[in-house]
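# Topology and contacts: notes
What follows is the residue order along each chain.
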Number of protein chains: 2
Amino acid sequence: MGESSRITGQDSLRADARRNRQRILSAARLVFAEHGIDAPMTTVARRAGVGVATLYRRFPTRDALVRAAFAHQLDTCARALTEALAEPDPWQGFQQLVETVCELQREERGFPAAFVAAFPDSTREYARVRQQAEQDFLTLVRRAQAAGALRADFHPSDFAVALLSHCGLVTALPGDRAASRRLVAYLLQSFRVEAAHGALPAPSALSLRSLPLAPYGSQGQRSSGA
Amino acid sequence: MGESSRITGQDSLRADARRNRQRILSAARLVFAEHGIDAPMTTVARRAGVGVATLYRRFPTRDALVRAAFAHQLDTCARALTEALAEPDPWQGFQQLVETVCELQREERGFPAAFVAAFPDSTREYARVRQQAEQDFLTLVRRAQAAGALRADFHPSDFAVALLSHCGLVTALPGDRAASRRLVAYLLQSFRVEAAHGALPAPSALSLRSLPLAPYGSQGQRSSGA
DNA sequence: TCGCAAGTGGACGAGATCGTCCATTTGACC
DNA sequence: GGTCAAATGGACGATCTCGTCCACTTGCGA
């Protein structure tokens, strides 16, 4: 909390401005959940009870708004990683991590879209936090493999593959919790040593670094305009 | 071919009109692949070298155009099902079916989006063909289970879950073939008896009938306007 | 209490897309 | 060759969204 406000500078806002900022974020979550992240900015502004100008001043681009609106969920992802590492049984930790993130994608309408939208980005400011997250995740994977639970040919990028495909599923079928849970169960089972059955094709070149697992703070202005 | 033209009535078109229709479809495939299925209709028309009016006359809605443009791919899906049934080893057949459909999603840019777009629909005219497809797929599943290859708790709706999630993945990462192949491999392995490891959560209520596995012919006018 | 910088709202012009309308052209059949 | 219904193209009005600009308001420190 203190962390993100330091990053976004929301502390230095005047009281009324800070209040409006929060209103906008709440409204954005509602509107995005209801109409998708492509909903008109005007709708968000109206719902928040502010003018468009105010909205644009706080969040110059739709992207910035989306990121800020779902910063909390992203923080939860990061927290899940920490907790996973703390778990004594590494497979338990791994499983919980996958389930927590997928549950977020399943339950918070709008978040999945935000998740993929945020995906290819690797904003400068968070590079370090992300690198840390990547490192932690790697540790988790190694441990789970050493414990003989996670299959040896599991590649870190497979985590991204799992999350993105699950994301796609819940986007295609919002509300179908059973489908989401099924997919997660299948994936988790296929990651176990017992499921290993012949060689897998080569892993993706996807970098985990680009996964939005690290806390976003909010705002998240793009460093590169283009 | 003869089948679909009978359905869409394209035989009764004047020669020039029929030619234009084909041009439009080619252009649509190109444009959709390049800019996504939300590309402006005008762009498609220009690319096809026809006026917008012509485009709108043939395909009253963007949806109709999308369906028609990817009808061939959908036919391939249907054919894959037939071939899967013909395969002596039912697991081989099952595996091939999944791989063929996923390959289509992977290789034909634009098709995945069309696939999910088409998904929730169950147009009257194709009800019978679909029901047949569903029946065939069920047979395939039963056989593969009886052969002791496909896990007993596999539910037909899991096929839809697999396809939709894969679809989401390739949409999020167009061009990352490795990721797509990995997911398919994991899913297939998790469908094997060997992977069964504890109970799965309840299957989705998704009906296979709504999966666009059956041939579309083209055009595919909505029966219900609303 | 006062002054002013920070904050605000909503009108507005630019740009994009939609789908229709109609005057004109063209293919098919006699 | 002639006739006519089918087919065509592109202009056009309607609608929507964006992001900016500016006159007005307000919180807060002195």
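Everything below is about the structure shown above.
Anyway, here's the lowdown on the structure attached to this text. Residue positions are given per chain, counting from 1 as you read along its sequence in written order. Chains carry letters from A onward and ligands carry numbers from 1 onward, assigned in written order. Restriction of local features to residues with pLDDT of at least 70 applies here, the model being predicted, together with a cutoff of 80 or more for giving and counting side-chain atom pairs; totals for whole chains, interfaces and linings are based on all residues. Water and hydrogen atoms were dropped before computing side-chain values, which therefore reflect all heavy atoms in the structure.

## Structural notes on the nonpolar core
To define a nonpolar core, start from buried Ala, Val, Leu, Ile, Met, Phe, Trp, Tyr and Cys residues and group those joined through side-chain atoms within 4.5 Å. Three exposure classes are used, based on accessible area relative to the maximum for each residue type with a 1.4 Å probe and protein chains only: buried under 20%, partly exposed in between, and exposed over 50%. Core analysis: the biggest nonpolar cluster contains 128 residues, and A:Leu65, A:Phe94, B:Leu65 and B:Phe94 have the highest contact counts within it. Whether two residues are in contact is decided by their heavy atoms, any of which lying within 4.5 Å being enough. The residues touching B:Phe94, leaving out its near neighbours within four places in the chain, are B:Phe137, B:Leu140, B:Leu150, B:Phe154, B:Leu188 and B:Phe191.

## Digging into the packing of aromatic side chains
For any two aromatic rings, the description comes down to two numbers: the centre-to-centre distance and the angle of the planes. Each Phe, Tyr or Trp ring (for Trp, its six-membered ring) is paired with any other whose centre lies within 6.5 Å, and the angle between the two planes then decides the class: stacked below 30 degrees, edge-to-face above 60, tilted in between. All chains considered together, the criterion is met by 17 aromatic pairs over all chains. Between B:Phe94 and B:Phe154, the aromatic rings sit 5.4 Å apart at their centres with planes inclined by 90°, giving edge-to-face as the arrangement. One end of the pair, B:Phe94, is in helix α7 (residues 90–107); the other, B:Phe154, is in the loop between α9 (127–146) and α10 (156–172), with 60 residues separating them in the sequence. Here the two residues B:Phe94 and B:Phe154 agree in accessibility, since each one is buried. What links up through ring pairs into an aromatic cluster is the set A:Tyr186, B:Trp91, B:Phe94, B:Phe137, B:Phe154, B:Phe159 and B:Phe191. Think of it as a cone above the ring: NZ of Lys or CZ of Arg counts as a charge over the ring if it is within 6 Å of the ring centre and within 35 degrees of the ring normal. Positioned above the aromatic ring of A:Trp91, the side-chain terminus of A:Arg192 is 4.8 Å from the ring centre. Strands here mean DSSP runs of E at least two residues long; helices mean DSSP runs of H or I at least four residues long; both are numbered from the N terminus.

## A closer look at the protein's contact with DNA strand C
The near set for a molecule or strand comprises every residue that places at least one heavy atom within 4 Å of it. The immediate surroundings of DNA strand C are formed by 21 residues, with A:Asn20, A:Gly51, A:Ala53, A:Thr54 and A:Arg57 found nearest. Among all atoms of DNA strand C positioned within 4 Å of the protein, those belonging to sugar or phosphate total 65%. In protein, a polar contact means a hydrogen-donor-capable atom and an acceptor-capable atom, both N or O and within 3.5 Å, with residues adjacent in sequence counting only if both atoms are side-chain atoms; elsewhere, any N or O pair within 3.5 Å suffices. The separation between a base oxygen of DNA strand C and a polar side-chain atom of B:Arg14 is 3.3 Å. Interatomic distance of 3.1 Å between a side-chain N/O atom of B:Tyr56 and a phosphate oxygen of DNA strand C. Within the residue set of the surface near DNA strand C, elements represented by two or more residues are α2 (15–35) and α4 (52–58) of chain A together with α2 (15–35) and α4 (52–58) of chain B. Classification convention: Asp, Glu, Lys, Arg as charged; Ala, Val, Leu, Ile, Met, Phe, Trp, Tyr, Cys, Pro as nonpolar; all other residues, Gly among them, as polar. Looking at the surface near DNA strand C residue by residue, the classes come out as 10 nonpolar, 4 polar and 7 charged.

## Topic: the packing of α2(B) against helix α5 (residues 62–69) of chain B
Residue and element names in this part refer to chain B. The N-to-C vectors of α2 and α5 enclose an angle of 95°; their axes lie 9 Å apart at closest approach. Relative to α5, the element α2 lies roughly perpendicular. For the pair formed by α2 and α5, the contact residues are Ile-24, Leu-25, Ala-28, Arg-29 and Phe-32 on the first element and Leu-65, Val-66, Ala-68 and Ala-69 on the second. Classifying every residue of the contact of α2 with α5 gives 8 nonpolar, no polar and 1 charged. Axis angles are defined between N-to-C directions and span 0 to 180 degrees, where every axis is a line fitted to C-alpha atoms and, for a helix, only to the segment in contact. In this scheme, roughly parallel covers angles under 35 degrees and roughly antiparallel covers those over 145, while 65 to 115 is roughly perpendicular and the rest are oblique.

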